[in-house]
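# Survey of secondary and tertiary structure
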Amino acid sequence: MDKQQEYVLRTVEERDVRFIRLWFTDVQGFLKSVAITAAELENAFTEGIGFDGSSIEGFARVQEADMLVVPDASTFQILPWRPESQGVARMFCDILTPDGQPFGADPRYVLKRTLERAADMGFTFYVHPEMEFFLFESAESTKPLDNGSYFDMTPLDVQQDFRRQTINTLERMGISVEFSHHEVAPSQHEIDLRYADALTMADNIMTFRLVVKETALQRGIYATFMPKPMEGEWGSAMHLHLSLFEGDNNAFHDAGDSYHLSPTARAFTAGLLRHAREITAVTNQWVNSYKRLTARLHGPQPSGEAPIFVTWGHSNRSALVRVPMYKPRKGASTRIEYRAPDPATNPYLAFALILSAGLKGIEEGYELPEESEENAFELTPAERAASGIERLPASLGEALAVMENSELVAETLGEHLFAFFLANKRREWDEYQAHVTTFELDRYLPLL
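All of these numbers come straight from a predicted model, not from anything done at the bench.

This part is about helix H13 (residues 415-434). End to end, H13 covers 29 Å across 20 residues, agreeing with the expected 28 Å (1.5 Å per residue, within 8%). In this fold, the buried residues of H13 make contact with helix H3 (107-120), helix H7 (276-283), helix H9 (347-364), helix H11 (396-404) and helix H12 (407-413).

What follows is about the packing of aromatic side chains. Enumeration over the complete set of coordinates arrives at 14 aromatic pairs. Each ring, one from phenylalanine 30 and one from tryptophan 286, has its centre 5.9 Å from the other, and the planes form 50 degrees; the classification is tilted. You can see phenylalanine 30 sitting in the loop between strand E1 (17-25) and strand E2 (31-37) and its partner tryptophan 286 sitting in the loop between H7 and helix H8 (289-294), a full 256 residues away along the chain. Residue classification places phenylalanine 30 among the partly exposed positions, given a relative accessible area of 43%. We classify tryptophan 286 as buried; its relative accessible area is 16%. When the centroid spacing of 6.2 Å and the interplanar angle of 85 degrees are considered together, the rings of tyrosine 259 and tryptophan 312 count as edge-to-face. One end of the pair, tyrosine 259, is in the loop between strand E14 (249-250) and helix H6 (263-274); the other, tryptophan 312, is in strand E15 (residues 312-313), and 53 residues separate them in sequence. When its relative accessible area of 4% is taken as the criterion, tryptophan 312 is described as buried.

So, on to unusual backbone geometry. Even without being a glycine, aspartate 16 presents a positive backbone phi close to 60 degrees. Residue aspartate 16 is classed as partly exposed on the basis of its relative accessible area of 39%. Within the chain, glutamine 86 stands out as a residue other than glycine whose phi angle is a positive 50 degrees. For glutamine 86, the location among the structural elements is in the loop between strand E5 (77-78) and strand E6 (87-96). A residue is classified by how much of its surface remains accessible, and glutamine 86, at 48% relative accessible area, is partly exposed.

Let us look at the nonpolar core. By size, the foremost hydrophobic cluster in this structure holds 115 residues, and its most contacted members are Phe125, Leu193, Leu242, Leu272, Tyr338 and Phe351. Considering each element in turn, this core owes the most residues, 10 residues, to helix H5 (residues 198-218). Among all residues touching leucine 242, those that are not within four sequence positions of it are Phe125, Tyr126, Val127, Phe252, Phe268, Leu272, Arg335, Ile336, Tyr338 and Ile354. Residues Ile308, Phe309, Phe377 and Leu379 belong to the second largest nonpolar core, which totals 6 residues.

Another aspect to go through is a nonpolar patch on the surface. A grouping of Phe439, Tyr444, Leu447 and Leu448 is seen on the molecular surface, where their side chains present a nonpolar patch of about 520 Å² in accessible area. Within the secondary structure, phenylalanine 439 sits in helix H14 (residues 438-444).

This brings us to the pattern of salt bridges. On inspection of all chains with the given rule, the structure shows 15 salt bridges. Two residues, glutamate 178 and arginine 194, come together in a salt bridge whose shortest N-O distance is 3.8 Å. Taken together, the residues glutamate 178 in strand E9 (residues 177-182) and arginine 194 in the loop between strand E10 (188-193) and strand E11 (196-197) connect sequence positions 16 residues apart. The exposure class of arginine 194 is partly exposed, given its relative accessible area of 40%. Between glutamate 398 and arginine 277 there is a salt bridge whose closest N-O contact spans 3.5 Å. Highlighted residues: glutamate 398 in helix H11 and arginine 277 in helix H7, separated in sequence by 121 residues. We classify arginine 277 as partly exposed; its relative accessible area is 21%.

A surface patch of like charges, here negative, comprises Glu370, Glu373, Glu374, Glu378 and Glu383. Relative to the assigned elements, glutamate 378 resides in the loop between H9 and helix H10 (381-386). The exposure class assigned to glutamate 378 is exposed, which follows from its relative accessible area of 63%.

What follows deals with the side chain of arginine 322. You can see arginine 322 is positioned in strand E16 (residues 321-322). Given the relative accessible area of 10%, arginine 322 is considered buried. A polar contact of 2.7 Å, which involves the side chain of arginine 322, links it to the side chain of glutamate 337.

Attention shifts here to the pairing of E10. If a strand is regular, its side chains alternate between the two faces of the sheet. In terms of residue burial, E10 counts as a mostly covered element, since 6 of its 6 residues are buried. Residue alternation in E10 divides its side chains into two sets, Gln188, Glu190 and Asp192 and His189, Ile191 and Leu193, and both sets are buried. As judged from the 5 bridges shared by strand E7 (residues 124-138) and E10, these two strands associate in the antiparallel manner. Opposite phenylalanine 133, over in E10, you have histidine 189 as the bridge partner. Of the pairings in the sheet, the one linking E9 to E10 comprises 5 bridges and is antiparallel in character.

How each quantity is defined
Residues numbered from 1 in each chain as written. Predicted model: local features only at pLDDT ≥ 70, side-chain atom pairs only at ≥ 80, totals over all residues. Heavy atoms only, no water. Helix = DSSP H or I, 4+ residues; strand = E, 2+ residues; numbered from the N terminus. Expected span 1.5 Å × (residues − 1). Contact = heavy atoms within 4.5 Å. Phe/Tyr/Trp six-rings, centres within 6.5 Å; stacked < 30°, edge-to-face > 60°. Buried < 20%, exposed > 50% of the residue type's maximum accessible area, 1.4 Å probe, protein only. Core = buried A, V, L, I, M, F, W, Y, C linked by side-chain atoms within 4.5 Å. Patch = residues over 30% accessible without salt bridge, like charges linked within 9 Å, V, L, I, M, F, W, Y side chains within 5 Å. Areas by Shrake-Rupley, 256 points an atom, 1.4 Å probe, with all protein chains shown as cover. Salt bridge = Lys/Arg side-chain N within 4 Å of Asp/Glu carboxyl O. Lys, Arg positive; Asp, Glu negative; His and termini not counted. Charge placed at Lys NZ, Arg CZ, Asp CG, Glu CD. Polar contact = N/O pair within 3.5 Å; in protein donor to acceptor, adjacent residues only side chain to side chain. Pairing = 2+ DSSP bridges.

Okay, structure coming up:
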């Protein structure tokens with residue numbers, strides 16, 4: 001037993017922790033949990049806890065059902081919303097087969113496997129996400145709780161206490177927060193998590209989503225990460241700030257470049273752009289995700305700043321990849337911002353594919369195309385075609401068709417997970433296509 005496991009056992013005893021929740025994530029990014037008593041913890045570390053993998057979406061067929069959850073002691077945290085006496089803690093887990101081998105369709109393992117590939121190239125992958133979400137009266141209503149807008153600090157933003165309570169809870173669980181504010185749409189909020197390595201951040205996002213929902217429940221309201229819950233308003237994004245480090249040095253930084261981007265950063269960005277259409281089915285995995293990526297709104301950004309076209313730029317917020325402003329003497333902060341993902345994605349799979357695309361660009365020496373200085377929404381289709389500007393998939397069905405032919409996605413996810421994801425999402429798309437919407441009834445029933 002290693003020192004971290006010994007520390008956890010000692011803390012459980014000293015802090016009177018009665019139950020430990022073992023957390024893992026299914027293919028679609030839903031958090032799963034099994035609770036054990038403190039007396040079973042040592043056995044969980046040494047032997048794992050068995051469960052039926054065939055009952056978890058995308059994990060295994062019935063004849064391959066036996067699985068083990070093995071807790072990662074480095075993720076131990078006491079849940080602050082549970083009682084202090086006979087308290088409750090949690091740890092994220094790795095999924096193993098009965099013979100002790102990593103299970104290939106475990107999303108956490110998919111990310112770890114991709115991070116090992118980056119490590120073999122000398123890189124550590126860091127991520128800083130901007131997490132957006134809505135607060136409503138209940139899960140049955142999209143009536144906003146306020147009429148606030150971007151950065152409002154007025155009585156209109158009645159949920160400032162909610163954000164403060166959420167941040168306090170996150171920080172008690174060891175998750176650092178950079179800042180928070182009201183977003184553009186009524187009742188829409190953003191909390192930005194301080195950058196961390198990709199595996200830690202994927203774990204943090206899973207914790208974040210639960211903490212936000214738990215805090216809302218305590219206050220008698222409902223929090224949702226649905227990408228586009230309100231028609232005519234901006235949707236929720238999960239903009240990702242990305243960088244690679246070589247030891248303590250930011251591999252994306254080059255003081256001599258006009259945007260301070262190194263050849264590594266440019267090749268990584270080129271890889272992300274070239275494979276963006278292929279990975280969109282994962283970074284934006286729900287039918288509703290494409291309402292955010294295609295909906296037209298009034299104002300200077302017709303899609304509410306959601307990127308639709310595969311471009312990059314410095315201050316161009318219509319671009320899929322943006323290069324944030326460089327801060328003098330802060331080379332470590334050089335990064336790129338990938339703006340397509342939404343907060344309802346599976347962060348382990350999304351990070352794995354984004355990293356895989358970027359590494360492909362580095363390995364193959366992809367050339368970064370010309371920067372797009374114009375707002376892509378304002379160009380005509382002919383102008384975009386002449387500039388070689390591609391469009392992200394406009395629907396989940398189109399995204400799946402593109403993904404199906406992607407060697408990069410298949411290699412990154414592995415055969416089992418790749419096949420399940422496609423089959424699962426095709427069912428969702430087929431169900432959506434067969435559904436008669438209120439829009440159709442309101443528009444056509446009186447006329448036809």
